[in-house]
Amino acid sequence: MKTSVVRLFAVLSFTTLAACSGDAAGGSRLNGLDEGMTVEQAVEAMGPGPLTATGSDTVRVVNGYRRMRYFLNGANFEVLYARDLEGNVSEPLLQANETPAVFKDGKLMGWGWKYYVEEAMPKFMLPTPLRAVDTMQVYKADSARKDSAPALPPGMQTPEQAEPPASPKANPPSAAPGSKS
């Protein structure tokens, strides 16, 4: 149940926050993309990215962009995350810093968080790339902006709003069968 609530919250948060693709992180790098491009063509159109990696993490970076790969339902998916800020692939993926471009079997299907959440996740069963903690950080960061504060779904709360769980009441030990009290 808790996992379902976290997934629902993540999807609704992404959907709420994905409205402005023009202001998306790395948005200027995505302007030259067209559906059907190969990964190589898209990387060339985006230009060199600002992300670095060292050691074994280098397989997670393509031309300066974070890369995640999935094999789902007989298809190969590759997601490249465009960004403007310099950083390292070891940093957590945050929606506020990076924007996805989704490739299926080497062809660009779409890009932006709106596309990822509303189309790619349900259609291709792509996983939520952000951890619940990261999702909450994005919610907090976006809520702090005066121009848009996403509404939480009914019944959902930020950790600060949630009440601590009630402690279980101690039950007195019951007498063993056949014993006299």
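Starting afresh in each chain, residues are numbered from 1 along the sequence in its written order. The model is predicted, so local features are restricted to residues of pLDDT at least 70 and side-chain atom pairs to those at 80 or more, both for listing and for counting; the totals for chains, interfaces and linings are taken over all residues. Side-chain descriptors were evaluated using all non-hydrogen atoms of the structure, hydrogens and water having been removed beforehand.

Visitor: A description of helix α3 (residues 39-46) should follow, citing residues and the corresponding values.
Guide: Exposure is judged per residue with a 1.4 Å probe applied to protein chains only, and the accessible area is read against the type maximum: over 50% gives exposed, under 20% gives buried, and values in between give partly exposed. Comment: elements are numbered from the N terminus, with helices defined as DSSP H or I runs of at least four residues and strands as E runs of at least two. Among the residues making up α3, those that are buried are Val 39, Ala 42, Val 43 and Met 46. All buried residues of α3 fall inside an arc of 100° around its axis, so they share one side. Exposed side chains of α3 directed beyond 90 degrees from the buried face belong to Glu 40 and Glu 44. We call two residues in contact whenever any of their non-hydrogen atoms come within 4.5 Å of each other. Summarising the contacts, the buried residues of α3 are in contact with α2 (27-30), β2 (61-62), β3 (65-72), β4 (75-82) and β6 (99-104). Two residues or fewer past α3, Gly 47 is found with a positive phi of approximately 80°. What the arc covers is the set of directions going from the helix axis to the C-beta atoms.

Visitor: Break down unusual backbone geometry for me, citing the residues and quoting the values.
Guide: With phi around 50°, Asn 63 is a residue other than glycine that occupies positive phi space. Looking at the element boundaries, Asn 63 is found in the loop between β2 and β3. If you check the backbone angles, Asp 105 has positive phi at about 50° while not being a glycine. Considering the arrangement of structural elements, one finds Asp 105 in the loop between β6 and β7 (107-111).

Visitor: Account for the nonpolar core, with residues named and values stated.
Guide: Core analysis: the biggest nonpolar cluster contains 16 residues, and Val 102, Tyr 116 and Leu 126 have the highest contact counts within it. Every element with two or more residues in this core is listed here: β4 and α4 (113-124). Top element by residues in this core is α4. It accounts for seven residues. If we ignore the near neighbours within four places in the chain, the residues touching Tyr 116 are Tyr 70, Val 79, Tyr 81, Pro 100, Val 102, Met 121, Leu 126, Pro 127 and Pro 129. Membership of the second largest hydrophobic core comes to 14 residues, among which are Leu 30, Met 37, Val 43 and Phe 103. As used here, the term nonpolar core means buried Ala, Val, Leu, Ile, Met, Phe, Trp, Tyr and Cys residues forming a set that is joined through side-chain atoms within 4.5 Å.

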